[in-house]
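Examining the three-dimensional arrangement
As a plain string of letters, each chain reads:
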Amino acid sequence: MNWSAISFDWNQVRAFLATAEEGSFSGAARALKTTQPTIGRQITELEEKLGVTLLERSVRGPTLTEAGRDLLDHVRVMGEAATRISMSATAHSEDVTGLVTVTATDLLSAQSLPKLLAPLRSSHPGIRVNIVASNDLQNLIKREADIAIRHVRPDQPELIARHVGDFQAGLFASKAYLDTAGRPKTPAEVAEHAFLGNPDPERLLAPMHNLGIPLRPENFVMSSENGVVVWELLRADLGISVLPDILCDADPSLERVLPELPRFQFPIWLVTHRELQTSKRIRVVFDLLVRGFHEALRGANSA
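Right, let's walk through the structure included here. This is a predicted model, so every value here is computed, not measured.

The rules behind these values
- Residues numbered from 1 in each chain as written.
- Predicted model: local features only at pLDDT ≥ 70, side-chain atom pairs only at ≥ 80, totals over all residues.
- Heavy atoms only, no water.
- Helix = DSSP H or I, 4+ residues; strand = E, 2+ residues; numbered from the N terminus.
- Buried < 20%, exposed > 50% of the residue type's maximum accessible area, 1.4 Å probe, protein only.
- Contact = heavy atoms within 4.5 Å.
- Areas by Shrake-Rupley, 256 points an atom, 1.4 Å probe, with all protein chains shown as cover.
- Axes fitted to C-alpha atoms, helices over the stretch in contact; angles between N-to-C directions.
- Left-handed = near helix turned anticlockwise from the far one by under 90°.
- Nonpolar A, V, L, I, M, F, W, Y, C, P; charged D, E, K, R; others polar.
- Expected span 1.5 Å × (residues − 1).
- Phe/Tyr/Trp six-rings, centres within 6.5 Å; stacked < 30°, edge-to-face > 60°.
- Patch = residues over 30% accessible without salt bridge, like charges linked within 9 Å, V, L, I, M, F, W, Y side chains within 5 Å.
- Salt bridge = Lys/Arg side-chain N within 4 Å of Asp/Glu carboxyl O.
- Arc of directions from axis to C-beta.
- Polar contact = N/O pair within 3.5 Å; in protein donor to acceptor, adjacent residues only side chain to side chain.
- Core = buried A, V, L, I, M, F, W, Y, C linked by side-chain atoms within 4.5 Å.

**Points about the overall build of the chain**
The secondary structure content of the chain amounts to 13 helices and eleven strands. Going through the 303 residues of the chain one by one, you find that 43% of them count as buried. Taking as baseline every contact in the chain between residues at least 6 positions apart, the subset at least 24 positions apart corresponds to 73%. A total accessible area of about 16,000 Å² is found for the chain, and carbon and sulfur atoms account for 53% of it.

**Remarks on the packing of helix 1 (residues 10-22) against helix 2 (residues 25-32)**
Taken N-terminus to C-terminus, the directions of helix 1 and helix 2 make an angle of 120°; their axes are 8 Å apart at the nearest point. Here the hand of the crossing between helix 1 and helix 2 comes out right-handed. For the pair helix 1 and helix 2, the contacting residues are R14, A15, A18, T19 and E22 in the first and F25, G27, A28, A31 and L32 in the second. When its residues are assigned to classes, the contact of helix 1 with helix 2 shows six nonpolar, two polar and two charged.

**With respect to the side chain of S134**
Here S134 lies in the loop between strand 4 (127-133) and strand 5 (147-150). Owing to a relative accessible area of 14%, S134 belongs among the buried residues under this scheme. In contact with S134, other than residues within four places in its own chain, are T103, A104, T105 and D106.

**Concerning helix 3 (residues 36-50)**
Compared with the 21 Å implied by 1.5 Å per residue over 15 residues, the 21 Å span of helix 3 between its first and last C-alpha is a close match. Restricting attention to buried positions, one finds in helix 3 the residues T38, I39, Q42, I43, L46 and E47. Its buried side turned inward, helix 3 meets helix 1, helix 2 and strand 1 (55-56).

**Regarding the packing of aromatic side chains**
As enumerated under the stated definition, the model contains one aromatic pair in all. An angle of 55° between the planes, with centres 5.7 Å apart, marks the rings of F195 and F220 as tilted. Highlighted residues: F195 in strand 7 (residues 195-197) and F220 in strand 8 (residues 220-223), separated in sequence by 25 residues. Given a relative accessible area of 0%, F195 falls into the buried group.

**Re a nonpolar patch on the surface**
On the surface, a nonpolar cluster with roughly 230 Å² of combined accessible area is contributed by V221, M222 and L238. Looking at where L238 falls in the secondary structure, it is placed in the loop between helix 11 (227-235) and strand 9 (240-244).

**So, helix 11**
By the burial criterion, the buried members of helix 11 are G227, V230, W231, L233 and L234. Angular distribution of buried residues about the axis of helix 11 spans 160°; they occupy a single face of the element. One side-chain oxygen at the N-terminal end of helix 11 lies 2.8 Å from the backbone nitrogen of V228; it belongs to N226. Directly beyond the C-terminal end of helix 11, a positive phi value near 70° is found at D237.

**Concerning the pattern of salt bridges**
According to the stated counting rule, one finds 14 salt bridges in the structure shown. The closest approach of N and O atoms between D179 and R183, which form a salt bridge, is 2.9 Å. Given a relative accessible area of 56%, D179 falls into the exposed group. Assessed through its relative accessible area of 37%, R183 is described here as partly exposed. Two residues, E232 and R235, come together in a salt bridge whose shortest N-O distance is 3.3 Å. Highlighted residues: E232 and R235, both in helix 11, separated by three residues, approximately one helical turn. A residue is classified by how much of its surface remains accessible, and E232, at 39% relative accessible area, is partly exposed.

**Let's talk about the nonpolar core**
In this structure, I149, V285, L289 and F293 are the most contacted members of the largest nonpolar core, which totals 24 residues. Of all elements in the fold, only strand 3 (98-104), helix 6 (113-117), strand 5, strand 6 (159-174), strand 11 (264-273) and helix 13 (280-302) reach the threshold of two or more residues within this core. Residues within four places of L289 in sequence aside, it is in contact with V102, L113, L116, L117, I147, I149 and L270. Of all hydrophobic cores here, the second largest spans 21 residues; its members include L178, I240, V242 and V257.

Okay, here's the thing in structure tokens:
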């Protein structure tokens, strides 16, 4: 090892990598939870240590120079190695305190996770939980989350997944909306109503047609990528939506539309990195979520 050749520190390299990955100094500052001037200073110091210019600064933002592009692949390898070091240390930790990051969809994060995670405050008060409410698939391999709750099983060999059950979902509307708009008596009549949902309604059309509901994109009068927003649109008496039974059945202001229709099924997978299974605090949260989902889904499906 040529120790004299290593004249920079990891924070400088990390600042450069984050800027290249995020595309801006401000994005890097947010990702690393620091300030934009600090990011700029660290990159300048790295350039001075290496004797090359890595980024061209302009009003449009930083752009990689040829030297920066050449260095980036090596820096990414360093970043991956640093991630593996972090995961290895976490995996051997027996400390039942510290932070565990859980990611789930926004609706699941808002409506289900608070109740599921509440027992931690009495059983393991030293564990802190950060909930990342996102519909994006957070990258567990890069440690953007310790545990992910997903509706699809991941195929990466580094990840392990446990199927904890299935959400059943159906058509729901507020009682006030149905009192005003009328209660459909047939699948065809459902298509005469206003719908609420995702901005890409095409994904729902085929399943609806399979149920005999000739839904069209024009039926979707309001939409949002955010599930919590769709939930509030439903509760504001604005139309019909497809939502989990476990959430809607607990709200007395809501009513199932055509209860005889078959339910939609959404699998629930708990996912973590294979190396993190030996981390006690992550294991505690993982097992708590498994038990919580089993109990909640068993109660919902037997209702």
